[in-house]
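Survey of secondary and tertiary structure
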Amino acid sequence: MLRLFILLAAVKLGFVAFVENESLKFIPDAVIFMVTVIGLYINMISPRGSFKEAVYPVLGILGLLASGSLTIVLNDNYFASSYTSLLRTISPLLVFILLLQSNFIHEKKINPIEYRAVLALIFWIIFLVLYGILYLTPDSNRGLIWWGTVFGGLHESAYTLLAAAFLSYVIFSARPSIKNLLLLILISIFTMVTLIFGWGVRTVGFAYILFIVVVASRPFGIKPIVSLSVIITTGIITILSLFAFDFISSENFMIFTSGRTAMYAEKVTFLLENTKIEWALGNGFGSDLMHSNVWWWATKGSHNDYLTFITENGIVFLLLLMSVLFSLFRRIGKSNGKIIFLLALMTSMVSNGYLVRPTAAYVLVIALTLQSGYNNEKRSYGK
């Protein structure tokens, strides 16, 4: 099962990179969704299966579909666009549920073929990234010119490259050889240079720096969740202190965040006018897009996925989503996989993160599945 989804993820990346027709780019997503649903059904009826391990997250997904469908009906949204948006979030979560379930059924053992398939996926992503940098037209953002991208823009490319970097770490943690250490170092350097200097995507670059710091603290006996909590708390206290002693102003902070804080304030004002039904089930697909005082030249989203979910789908949807995410978080096990998962969720707090970027999320859930399987079973992925 894992090999199949590695192949499907690679095909999806190829479609995004080289297929010009936007509608055709969704063909791999449709195939992935159908294969996932069939796989979950087979696991459910299989005498060898243990579907009870996946009952709660699957029920949560069904709740998301029901809530999202009700939102679409109540707001008279365009059917195709609304469900496409809904499935962008749900599909990678379903894949993760199936992969964790299949990993459980097969005793979490990763064979040599799957190990080589993961390596092939990493090199495929690096090849595509280099192709975009070397041969495609440079991208622009915040009034600056950046390296070219192949995955539909700077941010989509950055999230996909970060997922490949996580994969390289998982491979090394499974097989700490010189070859895999060299691969990890090279991809880490390439990722950091590309994210910060080549593409200027600060959210993803900061997430990777956090991951490196947290992992590097483990040899000193500091638990990853502890070091991550300390770093985040220290950052929040530092920012509040800078405000308290007038070292920075709200305007300067707004500029530093590229207008995000101003947008958040305007979105809260917008939400305060909601009716009870709108609070519960949202304002419908596209309602998150709006002109703002800071982003006056075009309609923009919140740049915070959780705020977007509340705006478009309501609190019921967000609570169901959080229950699914918590259920999956518990399944990952005591490992750096939890940190990868938390960092992925954190990207959605200040940007359009992994929760709404299925191309990158497919690669991420493969990394999370491998990390979970390796750490829970304490065995190598292959020879």
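Located above this text is the structure these notes cover.
These remarks concern the structure in this document. Remember, it's a predicted structure, so these values are computed and weren't measured experimentally.

1. Observations concerning helix H3 (residues 55–74)
When the terminal C-alpha atoms of H3 are compared, their 28 Å separation across 20 residues agrees well with the 28 Å that a helix rising 1.5 Å per residue should span. Listed in full, the buried residues belonging to H3 are Pro57, Val58, Gly60, Ile61, Gly63, Leu64, Ser67, Gly68, Thr71 and Ile72.

2. Describing empty space enclosed by the protein
Applying the stated criterion across every chain, the model contains one cavity of 30 Å³ or more. Considered as a void within the structure, the largest cavity measures approximately 150 Å³ in volume. Leu93, Tyr354, Leu355, Leu364 and Val365 are, among the 14 residues lining the largest cavity, the residues nearest its centre. Secondary structure elements with two or more residues in the lining of the largest cavity: helix H4 (79–105), helix H14 (336–350) and helix H15 (358–377). The residue makeup of the lining of the largest cavity, split by class, is 13 nonpolar, one polar and no charged.

3. Some remarks on the nonpolar core
Generally speaking, nonpolar side chains in soluble globular proteins are found buried as a group. Of all hydrophobic cores here, the largest spans 98 residues; its most connected members are Leu121, Leu167, Phe211, Phe341 and Ile366. Here this core takes 13 residues from helix H6 (residues 154–174), the largest share from any one element. If we ignore the near neighbours within four places in the chain, the residues touching Leu167 are Val118, Leu121, Ile122, Val363, Ile366, Ala367 and Leu370.

4. Examining the packing of H6 against helix H8 (residues 202–216)
One way to put it is that H6 packs onto H8 with a least axis distance of 9 Å and a crossing angle of 15°. Judged by the angle between their axes, H6 and H8 are roughly parallel. As for the relative orientation of H6 and H8, their crossing is right-handed in sense. Counting all contacts with H6, which are made through Ala158, Tyr159, Leu162, Ala165, Phe166 and Tyr169, the residues of H8 involved are Thr203, Val204, Ala207, Tyr208, Phe211 and Val215.

5. Considering the pairing of strand E1 (residues 138–141)
Bridge count for E1 against strand E2 (residues 144–148) is four bridges, and the pairing is antiparallel. Bridge pairing in E2 places Asn141 opposite Leu144. Between E1 and E2, which follow one another and run antiparallel, lie two residues, and Arg142 among them has a positive phi close to 55°.

6. So, the pattern of salt bridges
It is possible for side chains of opposite charge to pair when their charged atoms get near one another. Scanning all chains against the criterion turns up five salt bridges. Ionic pairing is found between Glu22 and Lys25, a salt bridge with its closest N-O pair at 3.3 Å. Among the residues examined, Lys25 registers a relative accessible area of 15% and is labelled buried.

7. Looking at the environment of Leu128
Position of Leu128 relative to the elements: it lies in helix H5 (residues 112–135). Of the residues examined, Leu128 reaches a relative accessible area of 0% and is grouped as buried. When the C-alpha atoms of Leu128 and Ser157 are compared, they prove to be 9.6 Å apart, with 29 residues separating the residues in sequence. What Leu128 contacts, discounting residues up to four positions off in sequence, is Leu13, Ala17, Phe18, Val150 and Phe151.

8. Looking at the packing of aromatic side chains
Under the counting rule described, the total for this entry stands at 11 aromatic pairs. Ring geometry for Phe166 and Phe211: centres 5.0 Å apart, planes at 75°, overall edge-to-face. Linking Phe166 in helix H6 with Phe211 in helix H8, this pair joins segments that are 45 residues apart in sequence. Judged by relative accessible area, Phe166 falls into the buried class, the value being 1%. Using a relative accessible area of 3% as the deciding quantity, one classes Phe211 as buried. Judged by centre distance (5.2 Å) and plane angle (85°), the rings of Tyr169 and Phe211 are edge-to-face. Here the residue Tyr169 occupies a position in helix H6, and Phe211 occupies one in helix H8, the gap between them amounting to 42 residues. Here Tyr169 matches Phe211 in class, with each residue buried.

Reading the values: rules and limits
Residues numbered from 1 in each chain as written. Predicted model: local features only at pLDDT ≥ 70, side-chain atom pairs only at ≥ 80, totals over all residues. Heavy atoms only, no water. Helix = DSSP H or I, 4+ residues; strand = E, 2+ residues; numbered from the N terminus. Expected span 1.5 Å × (residues − 1). Buried < 20%, exposed > 50% of the residue type's maximum accessible area, 1.4 Å probe, protein only. 1 Å grid on protein atoms, 1.4 Å probe; cavity = no way out; pocket = protein on both sides within 12 Å on 5 of 7 lines; lining within 4 Å. Points joined across faces, edges and corners; volume = space filled by probe spheres on them. Nonpolar A, V, L, I, M, F, W, Y, C, P; charged D, E, K, R; others polar. Core = buried A, V, L, I, M, F, W, Y, C linked by side-chain atoms within 4.5 Å. Contact = heavy atoms within 4.5 Å. Axes fitted to C-alpha atoms, helices over the stretch in contact; angles between N-to-C directions. Parallel < 35°, antiparallel > 145°, perpendicular 65-115°, else oblique. Left-handed = near helix turned anticlockwise from the far one by under 90°. Pairing = 2+ DSSP bridges. Salt bridge = Lys/Arg side-chain N within 4 Å of Asp/Glu carboxyl O. Phe/Tyr/Trp six-rings, centres within 6.5 Å; stacked < 30°, edge-to-face > 60°.

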